[in-house]
Amino acid sequence: MTLVPSIGPTGEEIQAHRGASALAPENTIAAFRTAAEQGAKWVELDVALSMDGKLIVIHDDSVDRTSSGSGSLGELTGEQIASFDAGSWFDPRFAGERIPTLAETLVALGELGLSANVEIKQHKHHKSLDQLVEAVQADISHRAPGTKIMISSFDPAALTAMHKLEPDLEMAMLWGRPPEDWAEQLAAIPATTIHMHFKALSIGMLEETTKRGIKVRAWTCNDPVQLVSFWGAGLGGVITDNPKLFLG
Ligand code: G3P
Ligand code: CA
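Reading the values: rules and limits
Residues numbered from 1 in each chain as written. Chains lettered and ligands numbered in written order. Predicted model: local features only at pLDDT ≥ 70, side-chain atom pairs only at ≥ 80, totals over all residues. Axes fitted to C-alpha atoms, helices over the stretch in contact; angles between N-to-C directions. Helix = DSSP H or I, 4+ residues; strand = E, 2+ residues; numbered from the N terminus. Parallel < 35°, antiparallel > 145°, perpendicular 65-115°, else oblique. Left-handed = near helix turned anticlockwise from the far one by under 90°. Contact = placed C-beta atoms within 7 Å. Buried ≥ 20, exposed ≤ 12 C-beta atoms within 10 Å, placed from the backbone. Pairing = 2+ DSSP bridges. UniProt positions renumbered as here; feature names shortened; annotations may be inferred. Near = placed C-beta within 6 Å. Nonpolar A, V, L, I, M, F, W, Y, C, P; charged D, E, K, R; others polar. Arc of directions from axis to C-beta.

**Here we look at the packing of helix α4 (residues 129-140) against helix α5 (residues 156-165)**
Piece 1. Their axes nearest at 10 Å, the elements α4 and α5 cross at an angle of 50°. Judged by the angle between their axes, α4 and α5 are oblique. For the crossing formed where α4 meets α5, the hand is right-handed. Where α4 abuts α5, its residues L129, D130, V133, V136 and Q137 lie against A157, A158, A161, M162 and L165.

If you want it as structure tokens, here you go:
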């Protein structure tokens, strides 16, 4: 009998990018619900502070692209942000969807049985890194028992500050293309994981990260064929707008 090796990720290795953002408005409860309906176990989401210090789930530093509102997060209160329609821009059938806070999102994720990769966004309007990471810590402390949390950021200082508060959480350094001296840079950051753009993956780097016990996930890939050769070489996960494509 010939054994055919399985190629492709298991459910735990797939994270829905901003929720199932190919099918529902990004970073909304609808996108997280769609990810769960598809069978995803993890969602990736972005967080930043409003003017009044509420942790908001949103990618940009303004609400313009993804809602009916306008303005910078740094000039809007949490209440104002919550009043905008965050679904119609994507499709009229999502009218009434809101930009959620992290606290509201974690309640929904608990009900949906989802875990979260919380990407800490550093924006110009943020006055204090401590305020940002303390807000993350306060909100995630209320997560449901079944909701696992990991933290990612393009900002090594955010990972360092977060790690001081939550030393047991998995931390992922986000790079588009990792720098030549990625191993040295990573050693100076409390991160055991690299999240990198899928086009920058190489078998050589995966062999090296595997040897060093470093996990690598690829973002944002919506074509499973692109990753086929990397699973066997140690790729540890994928962040995708459309988990269904990887779940088969
Ligand atoms: O987690 C990787 C990915 O989310 C980083 O890029 O711009 O979608 O936040 P972006
Ligand atoms: Ca992100």
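Following the structure, the description resumes.
**A word on the pairing of strand β1 (residues 14-17)**
Piece 1. Burial along β1 is two-sided: the residues I14 and A16 and Q15 and H17 are all buried.
Piece 2. In terms of strand pairing, β1 meets strand β9 (residues 237-240) through three bridges, oriented parallel. What sits directly across from A16, in β9, is T240.
Piece 3. Relative to strand β2 (residues 42-49), β1 is paired through three bridges, and the arrangement is parallel. Residue pairing for β2: Q15 is matched across the bridge by W42.

**Considerations on the UniProt feature "domain: GP-PDE" (unreviewed entry) in the protein chain**
Piece 1. The sites that UniProt annotates as "domain: GP-PDE" (unreviewed entry) are residues 12-248.
Piece 2. The distance from the first to the last C-alpha atom of residues 12-248 is 14 Å, and the span holds 30% helix and 19% strand.

**Description of the environment of L132**
Piece 1. Mapped onto the elements of the fold, L132 is located in helix α4.
Piece 2. Looking at L132, the number of C-beta atoms within 10 Å reads 25, which means it is buried.
Piece 3. Contacts of L132, omitting those with residues within four sequence positions, involve L49, I120 and H126.

**Re the site of ligand 1**
Piece 1. Taken together, H17, E44, D46, H59, E119, S152, L174, H195, W219, T220 and I239 make up the full set of residues adjacent to ligand 1.
Piece 2. Of the residues that constitute the shell around ligand 1, the class distribution is three nonpolar, five polar and three charged.

**As for helix α7 (residues 203-211)**
For the α-helix, the turn length of 3.6 residues means that residues three or four positions removed from each other point alike.
Piece 1. For α7, the set of buried residues is M205, L206 and T209. The arc enclosing the buried residues of α7, seen along the axis, measures out at 100°, which places them on a common side. Exposed and facing more than 90 degrees away from the buried side of α7 are G204, E207 and K211.
Piece 2. Residues of α7 that are buried sit in contact with β7 (193-197), β8 (215-219) and α8 (228-231).
Piece 3. Remark: G213 follows α7 within two positions and exhibits a positive phi of approximately 75°.

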